[in-house]
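Take a look at the letters that make up each chain.
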Amino acid sequence: MEAKLQETKIQETKLQEPKNEVHNSASVEAMIEQALDRWTSHPLFLNSVAGLINFNSYRKILSRKVLEIVWTQLQVPLKADQEKMQSAIEDLELRLKKLQLEKQAEVVKQRKQEDFNGHERFNETVQPLHLHAKKSAISKSKNSRKISNLN
Amino acid sequence: MDLEVLGSGLNLLERSKQFGFNLEVGSLQPEVVAQAGTMKLLRFSKAASKAPLLIVPSLINRFYILDLMPEKSFLRHLCEHFSVYLIDWGEPQAHGKDLSLNKLLELHLDVLYSTVLLEEEADRAHIVGHCLGGTMGLLWSLLHPEKVASLSLITTPIDFSADCKIKTWAQTQTFDLAAFREAHGNAPSLFLQTAFHSMRPLQFVQKIKKILPQLQNQKTLERFLALETWSSDSRDLPGGCYADLVQRFFRDNCWLNEGYQIAGETYFLKDLRVPVSAISAEDDHIVAFAGTLRSEQVPLVPQFQHWVTKGGHVGGLLGKSPQEKIWPLHLQWLQQQDHTNVRLHSAV
């Protein structure tokens, strides 16, 4: 009996082990994530990273300025000037396109207005014709009745 | 979809083909209707709706998240009922550091929007904005309410003071924004991707743990790979736009403070007067749920509808539950706005 009890206890512990492992790894992950979260929001971390990025930016600006002095001396066009020119050309192209589109939109609006007015005018002119047709229809029917009465 | 649209995502796509996966990412074939700089206006469908629909995707990752797979395509769902247009922001060029948000709105978006109205001979269009595209749509609706039939905001940030990692990082005052823009021009895609992935550093491990037991499931693997293709496929952000977003929105929180200044005028959120709908995700770690649009922030809109979904930034729109429950409701709302638009504005 005791041996059987011991066996069942061993089986139970074995069954429990995987669950504990999963639980432990999830909690370890959660702990690491929390720690990383706190560290990446800490002012020390933020200021250090900002400092590194700033240093890199200033280094790049300084080296570019030194090169610009050299290229200017050699009378070679600068990349910054080329970029400014490209930007200005693109601006001009877009403004022209914008004006073109505004003009086209006005033409479309005018056409729609004309279609709308034309439709209204058509409605106005049709009605008298209908009246005239009605009148003539009525008079015809009267005549026919007269004829039938005579008959 | 034209493979040119894919950037670094192309590598993952090609790799997955080598392993026998036939991923169809962005299966719809659009037509390029117009171009403004590097930005393209794409037409996906022509339908007999009264007002066309313009989708404004986020400025950061690529637009095909909205057409990720044939069975998970928000675009395809809208194409059945509307003439659908979409702005592909394209890859910014070197001179993009001078492209501010104001210029983007006044020139590029103006040209593309006017082209949509001209193509459809319409006076107004519905705008559906995703994430930062919603911010652009919101700005446009404030500038030109007479040209907007309705505005739909999908996981769009409004209150940038809501607690979230990006806000903490962007508000680091020691970070010299002007020097960064001067040095790098456009905000590099690697910089932005690193920031996004660092928001949840263990997410990659968790994804692998989730997918490993499902290696035999072809469909699940394809979905996972499609999403990873998109998630790794980012592009540079124009320097001017990046600076404006960080300064005006993350640091100054302009919607809730001094308003947004453009063309010599200041625009406030409370002045919005077009019908608005919003879809927000409760577990969104990129756009905090507490920072999405609330009805009290837009008191003058004739109609306001807000749907809240479970899930994160992407799952909140493309998950199974939003697809079954929110998409049909949103479509119904759009069709209702379309009908109202004809009734109120049919006079020529």
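Here the structure is a predicted model, which means the values were calculated and not measured. In every chain, residue numbers begin from 1 and rise along the written sequence. In the order they appear in the text, chains get letters beginning with A and ligands get numbers beginning with 1. It should be noted that, the model being predicted, local features are given only for residues of pLDDT at least 70 and side-chain atom pairs only at 80 or more, the latter also being counted only at that level, while totals for whole chains, interfaces and linings use all residues. Only hydrogens and water are set aside when side-chain values are computed; all heavy atoms of the structure are taken into account.

Q: Please explain the overall build of chain B as it appears in this structure.
A: Where helices and strands are cited, they refer to DSSP runs of H or I of at least four residues and of E of at least two residues respectively, numbered from the N terminus. The number of helices and strands found in chain B is twelve helices and twelve strands. With C-alpha atoms as the basis for the radius of gyration, the globule rule is written as 2.2 Å multiplied by the number of residues raised to the power 0.38. By the compact-globule yardstick of 20 Å for 348 residues, chain B fits well, its C-alpha radius of gyration being 20 Å. If you line up chain B on its principal axes, its C-alpha atoms span 60 × 50 × 35 Å. Every one of the 348 residues in chain B was classed for burial, and the buried ones make up 60%. Here the contacts in chain B between residues at least 6 apart in sequence split such that 80% fall between residues at least 24 apart. Under the convention used here, a 1.4 Å probe and the Shrake-Rupley method define accessible areas, while residue burial counts only the protein chains that appear. For chain B, the computed accessible surface area is about 14000 Å², with 52% contributed by carbon and sulfur atoms. Charge convention: Lys and Arg are scored as positive, Asp and Glu as negative, and His as well as the terminal groups of each chain are ignored. A single reference atom marks each charge: NZ on Lys, CZ on Arg, CG on Asp, CD on Glu. In chain B, 32 side chains carry a positive charge and 37 a negative one; their mean positions are 6 Å apart. Accessibility here uses a 1.4 Å probe with only protein chains present; expressed as a share of the type maximum, an area under 20% marks a residue as buried, one over 50% as exposed, and anything in between as partly exposed. In what follows, a contact means two residues having at least one pair of non-hydrogen atoms within 4.5 Å.

Q: Explanation requested: empty space enclosed by the protein in the structure shown.
A: To find the voids left in a structure, one rolls a probe of water-molecule size over its atoms. Buriedness of a pocket was judged along seven lines, with at least five required to meet protein on both sides within 12 Å; pockets are open sets of points on a 1 Å grid over the protein atoms alone, cavities are sets where a 1.4 Å probe fits but cannot get out, and lining residues have an atom within 4 Å of a point. Grid points are joined across faces, edges and corners, and a volume is the space filled by probe spheres set on the points. Summed over the entire model, instances satisfying the criterion amount to two cavities of 30 Å³ or more. Roughly 170 Å³ of internal volume is contained in the largest cavity. Around the largest cavity sit 22 residues that line it, and Thr38(B), Met39(B), Pro92(B), Leu99(B) and Pro238(B) are the ones nearest its centre. Only helix 3 (79–150) of chain A together with helix 3 (101–120) of chain B provide two or more residues apiece to the lining of the largest cavity. Think of it as three bins: nonpolar holds Ala, Val, Leu, Ile, Met, Phe, Trp, Tyr, Cys and Pro, charged holds Asp, Glu, Lys and Arg, and polar takes everything else, Gly as well. Of the residues contributing to the lining of the largest cavity, the split by class is eight nonpolar, eight polar and six charged. Looking at the second largest cavity, its volume works out to about 40 Å³. Residue lining of the second largest cavity: Leu54(B), Val56(B), Leu109(B), Tyr113(B), Ile127(B), Met136(B), Gly137(B) and Trp140(B), and that is the complete set.

Q: What's the story with helix 9 (residues 218–231) of chain B in this structure? I'm lost.
A: For an α-helix, the turn length of 3.6 residues means that residues three or four places apart are oriented alike. Residue and element names in this part refer to chain B. By this rule, a helix spans an expected 1.5 Å times one less than how many residues it contains. For helix 9, built from 14 residues, the straight-helix expectation of 20 Å at 1.5 Å per residue is met to within 8% by its first-to-last C-alpha distance of 20 Å. Taken together, the buried positions of helix 9 are Thr-220, Leu-221, Glu-222, Leu-225, Ala-226, Glu-228, Thr-229, Trp-230 and Ser-231. Between N or O atoms, a polar contact is any pair within 3.5 Å; within protein, one atom must be a potential hydrogen donor and the other a potential acceptor, and residues adjacent in sequence are included only when both atoms are from side chains. A distance of 3.3 Å separates the backbone nitrogen of Lys-219 from a side-chain oxygen at the start of helix 9, and that oxygen is part of Asn-217.

Q: I keep staring at the sheet that holds strand 8 (residues 148–154) of chain B and nothing clicks. Help me out?
A: Sheets are built from strands paired through backbone hydrogen bonds, the pairs being either parallel or antiparallel. All names here are of chain B. The criterion for strand pairing is that DSSP finds at least two bridges linking the strands in question. Pairing is mixed across the open sheet formed by eight strands, whose spatial order is 1-2-6-3-7-8-11-12. Each of the sheet's edge strands pairs with one partner strand only, and the pair in question is strand 1 (31–36) and strand 12 (304–309). Recorded for the sheet is a direction-independent mean angle of 20° between the axes of neighbouring strands. With four bridges connecting them, strand 2 (residues 39–43) and strand 6 (residues 84–88) associate as antiparallel partners. In the sheet register, Arg-43 faces strand 6, and the bridge partner there is Tyr-85. A fitted line through C-alpha atoms serves as each axis, taken over the contacting stretch for helices, and the angle formed by two N-to-C directions is quoted from 0 to 180°. Docked against the sheet, helix 3 engages strand 1, strand 2, strand 3 (53–56), strand 6, strand 7 (125–130) and strand 8, running at close to 145° with respect to strand 1. Those strands touched by helix 4 (residues 132–143) are strand 3, strand 7 and strand 8, and its axis lies near 145° from that of strand 7.

Q: Teacher, can you tell me more about the confidence of the model for chain A here?
A: Close inspection of predicted coordinates is inappropriate in any region flagged by low pLDDT. All names here are of chain A. Note: pLDDT gives the predictor's confidence per residue, expressed from 0 to 100. Predicted confidence across chain A gives a mean pLDDT of 74, with 62% of residues reaching 70 or more. Mean pLDDT values for the elements of chain A range from 62 in helix 1 (residues 2–41) up to 94 in helix 2 (residues 43–73). Every residue in residues 3–23 is under pLDDT 50, and counting partners more than four places away or in other chains gives zero contacts.

Q: Where do I start with the packing of aromatic side chains in this structure?
A: A ring pair, where both rings are aromatic, is described by two values, the distance of the centres and the angle of the planes. Residues and elements named next belong to chain B. Planes of paired rings set the category: under 30 degrees apart is stacked, over 60 is edge-to-face and the rest tilted, where pairs are Phe, Tyr or Trp rings (Trp by its six-membered ring) whose centres lie within 6.5 Å. All told, the structure shown has 13 aromatic pairs over all chains when counted by the stated rule. The interplanar angle of 85° and the centroid separation of 6.3 Å between the aromatic rings of Phe-191 and Tyr-242 together place this pair among those described as edge-to-face. Note that Phe-191 is positioned in helix 7 (residues 189–199) and Tyr-242 in helix 10 (residues 239–251), a separation of 51 residues in sequence. You can call Tyr-242 buried: its relative accessible area is 10%. Among the aromatic residues, those joined into a cluster by ring pairs are Phe-160, Phe-249, Phe-250, Trp-255 and Tyr-260.

Q: Whenever I open this one, the interface of chain B and chain A confuses me. Can you help?
A: Interface size, as often reported, equals the accessible area lost upon joining of the parts. With 39 residues of chain B at the contact, the number on the chain A side is 35 residues. Throughout, buried area stands for the accessible area (probe radius 1.4 Å) lost by two parts on being put together, summed over both. Between chain B and chain A, a total of about 3500 Å² is buried, with carbon and sulfur atoms accounting for 57% of that surface. Take a side-chain nitrogen of Lys or Arg and a carboxyl oxygen of Asp or Glu: if they are within 4 Å of each other, that pair is a salt bridge. The tally of links from chain B across to chain A stands at six salt bridges. One salt bridge connects Asp91(A) with Lys103(B), and the closest N-O pair in it is separated by 3.2 Å. Inspection of the region where chain B meets chain A yields 20 residue pairs in polar contact (both at pLDDT 80 or more). Secondary structure elements with two or more residues in the side of chain B that touches chain A: strand 1, helix 3, helix 5 (165–170), helix 6 (177–184) and helix 8 (203–211) of chain B. Sort the elements by how many residues they give to the side of chain B that touches chain A and helix 3 of chain B lands first, with nine residues.

Q: Looking at this model, I keep getting lost on the environment of Gly96(B). Mind explaining?
A: Position of Gly96(B) among the secondary structure elements: in the loop between strand 6 and helix 3. The contacts of Gly96(B), once residues within four sequence positions are left out, are Asn186(B), Pro238(B), Gly239(B) and Gly240(B).

Q: What am I meant to see in unusual backbone geometry here?
A: A positive phi angle is found at Thr155(B), which is not glycine, with a value near 40°. The backbone of Asn253(B) shows a phi angle near 50°, a positive value even though the residue is not glycine.

Q: Which parts of the structure should I look at to understand a nonpolar patch on the surface?
A: Residues form patches when they are more than 30% accessible in relative terms and have no salt bridge. Like charges link within 9 Å. Nonpolar side chains (Val, Leu, Ile, Met, Phe, Trp, Tyr) link within 5 Å. The grouping of Leu62(A), Val66(A), Leu67(A), Val70(A), Trp71(A), Leu74(A) and Val76(A) at the surface amounts to a nonpolar patch, some 630 Å² of accessible area in total. Its location among the elements puts Val70(A) in helix 2.

Q: Teacher, can you tell me more about the state of the cysteines here?
A: By definition, a disulfide links the sulfur atoms of two cysteine residues through a covalent bond. Residues and elements named next belong to chain B. Put simply, a disulfide is two cysteine sulfurs that come within 2.5 Å. This model, assessed by the stated rule, comprises zero disulfides over all chains. Here Cys-164 stays unpaired: no disulfide links it, and the sulfur of Cys-131, its closest cysteine neighbor, is 10 Å away. Cys-241 takes part in no disulfide bond, and the closest cysteine sulfur, belonging to Cys-254, lies 14 Å away.

Q: Please clarify how the nonpolar core should be interpreted in this entry.
A: Residue and element names in this part refer to chain B. By size, the foremost hydrophobic cluster in this structure holds 76 residues, and its most contacted members are Leu-104, Tyr-242, Phe-249, Trp-255 and Leu-272. The biggest single contributor to this core is helix 3, with ten residues. Not counting residues up to four positions away in its chain, the partners in contact with Trp-255 are Thr-135, Leu-138, Leu-139, Leu-142, Ile-158, Phe-160, Phe-249, Tyr-260, Tyr-267 and Leu-269. In this description, a nonpolar core means a group of buried Ala, Val, Leu, Ile, Met, Phe, Trp, Tyr and Cys residues linked to one another through side-chain atoms lying within 4.5 Å.

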